[in-house]
Amino acid sequence: MRIADVTTYVVKQRGDRAYLGTLDDGTELTADRGYVVRQPWRSLYSGRFETMLVAIRTDDGHVGWGEALAPVGPEIAAAVVERLLVGQLIGEDPRQVHPLWERLRNLMRERGHLGGHQADALAAVDIALWDLHGKVTGLSVSELLGGAHRERVPAYVSGLPEPTDPARAALAARWESAGAQMVKLALGKGIAADLATFDAVAAAAPGLRIAVDAHWAYRVGEAVTLGRELDARGAVFLEAPLAPEDVDGHRELAERTTTPVAVGEAMRHRYEFADWLTRRALRLAQPDVARTGITEAVAIAQLASAFHVPIAFHHSVGLGIALAAGIHVSAATVDCPFFEFQPDTVPVAQRILRTPIDAGPTGFAVPTGPGLGIDVDVDVIIDLAKEN
């Protein structure tokens, strides 16, 4: 059995509303606006759910699917696959997942081989190879990884994408009524504003545990002030409080507060996490499998385990393939307390699947079929790709 074909698909879908809802000025982030910086955050966002999918086909008819987390410029990751990786994959045995991973990541060794769009493209290919290996062997990805520690992965609700605190509080109360046990707030709007949102949500939904995502918005002193207030409120974690390159700042924050500092969505490999872990700069690791690939995600989880740091895999706008990969790796990770549930993303993510993943505010059932355990609708994907 040999790899006969590798195909990429750039997909940009509209949802009922943009990821994370309206902009802070109340306007809609529509698809025709292109990429926009969500002030006061600094990163580009799209009004559509954008991604890059990969299908790897063998000469005997098996197909494995992968996905890169590429919410902005998915064409770039697709070009990396098509121009740099395909030639190294055709004719190879798809069951040689680890050897192929090592070969592919060395191709651009002196040219940023471990990071950026190169890593995103590698992640998609790696996920596809694991899915393909599972389909060939009849085993699920979590079984290939040694077995699942849980049949259902607990979830936390991410975002509360409403423009005002009363609306966020009301939405939190509805999620509590639906059985949710934890919510993460998309903040970083200023210390007073962040705490006001936290308090409004806590008052409206007293049974919910609450975490905060600060979107890299603060300096160390500000983050310490916020962190100590969150300590008093019993926050579950404080995610992305400082600039993502400020390792020492995160270490200082972790030393001066008790709320776990959560970091990881911007990282793509074990060597980055090794630096943060040895410097005690994070207490909750959050790699995204669609940015690391399954092979590297497992290595990161094992490394974090050596430092007794739990893993809570990140998930934002990825579709059903990335979602399934994250669920499988979460299930196969010992110290994985929860996985991110994006209410606006999941319905969009399910569109490319013939049978939806069992996903909700309380958790995710681990798909049980071969590979990722999902039934990808290639006709839907082709039609979506044509729309771009």
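Residues numbered from 1 in each chain as written. Predicted model: local features only at pLDDT ≥ 70, side-chain atom pairs only at ≥ 80, totals over all residues. Heavy atoms only, no water.

> For the UniProt feature "domain: Mandelate racemase/muconate lactonizing enzyme C-terminal" (unreviewed entry) in the chain, give the residues involved together with the corresponding values.
The sites that carry the UniProt feature "domain: Mandelate racemase/muconate lactonizing enzyme C-terminal" (unreviewed entry) are, in the present numbering, residues 166–260. Overall, residues 166–260 shows 53% helix and 13% strand. The separation of its end C-alpha atoms is 27 Å. (UniProt positions renumbered as here; feature names shortened; annotations may be inferred. Helix = DSSP H or I, 4+ residues; strand = E, 2+ residues; numbered from the N terminus.)

> Got a sec to walk through the packing of aromatic side chains? Specific residues and values, please.
All chains considered together, the criterion is met by eight aromatic pairs. Taking the centre distance of 5.5 Å and the plane angle of 90° together, the rings of Tyr156 and Phe338 count as edge-to-face. Placement of Tyr156 in strand S6 (residues 152–159) and of Phe338 in the loop between helix H11 (320–331) and strand S12 (339–341) is noted, with a sequence separation of 182 residues between them. By the burial criterion, Tyr156 is buried, and Phe338 matches it. (Phe/Tyr/Trp six-rings, centres within 6.5 Å; stacked < 30°, edge-to-face > 60°. Buried < 20%, exposed > 50% of the residue type's maximum accessible area, 1.4 Å probe, protein only.)

> Can you explain the environment of Gly134? Please cite residues and give values.
Locating Gly134 in the fold gives a position in helix H3 (residues 116–137). Each C-alpha atom of the pair Gly134 and Ala349 lies 21 Å from the other, and the pair is 215 residues apart in sequence.

> Go over the packing of helix H7 (residues 220–233) against helix H8 (residues 247–256), please, and point to the residues and values.
Orientation of H7 relative to H8, taken along the N-to-C sense of each, is 30°, at an axis distance of 10 Å. When the axis of H7 is compared with that of H8, the two are roughly parallel. Between H7 and H8 lies a crossing whose hand is right-handed. Two secondary-structure elements touch here, H7 through Val220, Ala223, Val224 and Arg228 and H8 through Gly249, Glu252, Leu253 and Arg256. A breakdown of the residues in the contact of H7 with H8 according to their chemical character gives four nonpolar, one polar and three charged. (Axes fitted to C-alpha atoms, helices over the stretch in contact; angles between N-to-C directions. Parallel < 35°, antiparallel > 145°, perpendicular 65-115°, else oblique. Left-handed = near helix turned anticlockwise from the far one by under 90°. Contact = heavy atoms within 4.5 Å. Nonpolar A, V, L, I, M, F, W, Y, C, P; charged D, E, K, R; others polar.)

> Which residues make up unusual backbone geometry, and what values go with them?
Cis geometry is found at the peptide bond from Gln39 to Pro40, where omega equals 5°. You can see Pro40 is positioned in the loop between strand S2 (35–37) and strand S3 (44–46). At Leu20, a position not held by glycine, the phi torsion is positive, near 70°. With respect to the helices, strands and loops of the structure, Leu20 is situated in the loop between strand S1 (3–13) and S2.

> So what's going on with the sheet that holds S1? Which residues, and what values?
Overall, antiparallel pairing links the three strands, which are arranged S1-S4-S5 in an open sheet. With one partner strand each, in any of the chains shown, S1 and strand S5 (63–68) form the two edges of the open sheet. Shown here is a sheet whose adjacent strand axes are inclined to one another by a mean of 20°, direction ignored. Pairing between S1 and strand S4 (residues 49–58): 10 bridges, direction antiparallel. For Thr7, the partnering residue across the bridge sits in S4 and is Ala55. Sheet contacts for H3: S1, S4 and S5; angle to S5, the most-contacted strand, approximately 150°. Each of S1, S4 and S5 is contacted by helix H13 (residues 378–386), which is oriented at about 60° to S1, the strand it contacts most. (Pairing = 2+ DSSP bridges.)

> How would you explain the pairing of S5 if you had to name every residue and give the values?
The buried fraction of S5 is high, at five of six residues. Direction of pairing for S4 relative to S5: antiparallel, over a ladder of six bridges. Note that in S5 the partner of Val54 across the bridge is Gly66. Counting the residues in the hairpin turn of S4 and S5 gives four residues, including Gly61, whose phi is positive at 100°.

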